[in-house]
Amino acid sequence: MAISVQNYIKLAAFYNEMARVMSAICVGKGGIAQENYVGRFFGADVLEYIVEYGNRLKKSGAEIPADVSSAMVLFEKQFENVRYLVTPSQKPIYEMTLEEFEKFMNI
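Predicted, not measured: the structure shown is a model, and the values here were computed from it.

Novice: Can you help me understand a nonpolar patch on the surface in this one?
Specialist: A grouping of F104, M105 and I107 is seen on the molecular surface, where their side chains present a nonpolar patch of about 320 Å² in accessible area. By secondary structure assignment, the location of M105 is in the segment after α4 (98-104).

Novice: In this structure, what is going on with the packing of helix α1 (residues 5-28) against helix α2 (residues 40-59)? I would like to understand it.
Specialist: Each packed pair of helices is defined by two parameters, the angle between the axes and the distance between the axes. Running from N to C, α1 and α2 point in directions that differ by 160°, and their axes come no closer than 10 Å. Classed by the angle they form, the pair α1 and α2 counts as roughly antiparallel. Relative to α2, the crossing made by α1 is left-handed. Mapping the contact onto sequence places V5, N7, Y8, L11, A12, F14, Y15, M18 and M22 in α1 and R40, F42, G43, V46, L47, Y49, I50, Y53, G54 and L57 in α2. Class assignment for the residues of the contact of α1 with α2 results in 15 nonpolar, three polar and one charged.

Novice: Mind showing me how you'd approach the packing of aromatic side chains here?
Specialist: How two aromatic rings sit relative to each other is given by the distance of their centres and the angle of their planes. A complete count under the given rule lists four aromatic pairs for this structure. Ring centres of Y8 and F75 lie 6.5 Å apart, and the angle between their planes is 70°; on these two criteria the pair is classed as edge-to-face. Of this pair, Y8 sits in helix α1 while F75 sits in helix α3 (residues 66-82), and the two are 67 residues apart along the sequence. Of the two residues, Y8 and F75, neither departs from the other in class, the shared state being buried. With a centroid separation of 5.7 Å and an interplanar angle of 85°, the aromatic rings of Y15 and F75 are classed as edge-to-face. Residue Y15 is found in helix α1, and its partner F75 is found in helix α3; the two are separated by 60 residues along the sequence. A relative accessible area of 12% places Y15 in the buried class. Feature note: the residues Y8, Y15, Y49, Y53 and F75 constitute an aromatic cluster, connected by ring pairs.

Novice: Whenever I open this one, the nonpolar core confuses me. Can you help?
Specialist: Among soluble globular proteins, nonpolar side chains are generally buried collectively. By size, the foremost hydrophobic cluster in this structure holds 22 residues, and its most contacted members are Y8, Y15, I50 and F75. Elements with a minimum of two residues in this core: α1, α2 and α3. With eight residues, the single largest contributor to this core is α1. Not counting the four nearest positions on each side in its chain, I50 is found in contact with Y8, L11, A12, Y15 and F75.

Calculation notes
Residues numbered from 1 in each chain as written. Predicted model: local features only at pLDDT ≥ 70, side-chain atom pairs only at ≥ 80, totals over all residues. Heavy atoms only, no water. Patch = residues over 30% accessible without salt bridge, like charges linked within 9 Å, V, L, I, M, F, W, Y side chains within 5 Å. Areas by Shrake-Rupley, 256 points an atom, 1.4 Å probe, with all protein chains shown as cover. Salt bridge = Lys/Arg side-chain N within 4 Å of Asp/Glu carboxyl O. Helix = DSSP H or I, 4+ residues; strand = E, 2+ residues; numbered from the N terminus. Axes fitted to C-alpha atoms, helices over the stretch in contact; angles between N-to-C directions. Parallel < 35°, antiparallel > 145°, perpendicular 65-115°, else oblique. Left-handed = near helix turned anticlockwise from the far one by under 90°. Contact = heavy atoms within 4.5 Å. Nonpolar A, V, L, I, M, F, W, Y, C, P; charged D, E, K, R; others polar. Phe/Tyr/Trp six-rings, centres within 6.5 Å; stacked < 30°, edge-to-face > 60°. Buried < 20%, exposed > 50% of the residue type's maximum accessible area, 1.4 Å probe, protein only. Core = buried A, V, L, I, M, F, W, Y, C linked by side-chain atoms within 4.5 Å.

Below, the structure written as C-alpha cells:
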C-alpha cells in the first residue's frame with residue numbers, strides 16, 4: 001500500500017467504524033465495560049498501525065490537510081491511553097539469545 005493521505009483517511013474510517021462495532025458488541029453482551037472486552041487488544045494494534053502510518057506520512061513530506069492533521073493528533077492521544085494493550089513485538093526464536101529464549105518460554 002503506497003503511503004498517501006487517501007489511504008490514511010480509509011484507515012481512520014475503518015478504525016472509527018470498528019470502534020462503533022466494538023461498542024455495540026459490549027452493549028449486546030450485557031453492557032460489559034470496554035476495558036473488559038477481549039477485542040480491545042486488536043483495537044489497540046489497529047490504532048498503533050494508524051499512528052505509525054501517520055508518522056510515515058508526515059515524514060514523506062506529503063501535503064496533509066488541516067483536518068487530517070488534527071485527526072492524526074487525536075489518534076496519537078487515543079493511542080497513548082491504550083499503548084499498554086498493544087501486542088508486543090517479538091524477535092524470531094532463531095534471533096534470540098539463550099536468556100531471551102528462556103524468558104520467552106518462562107523457563
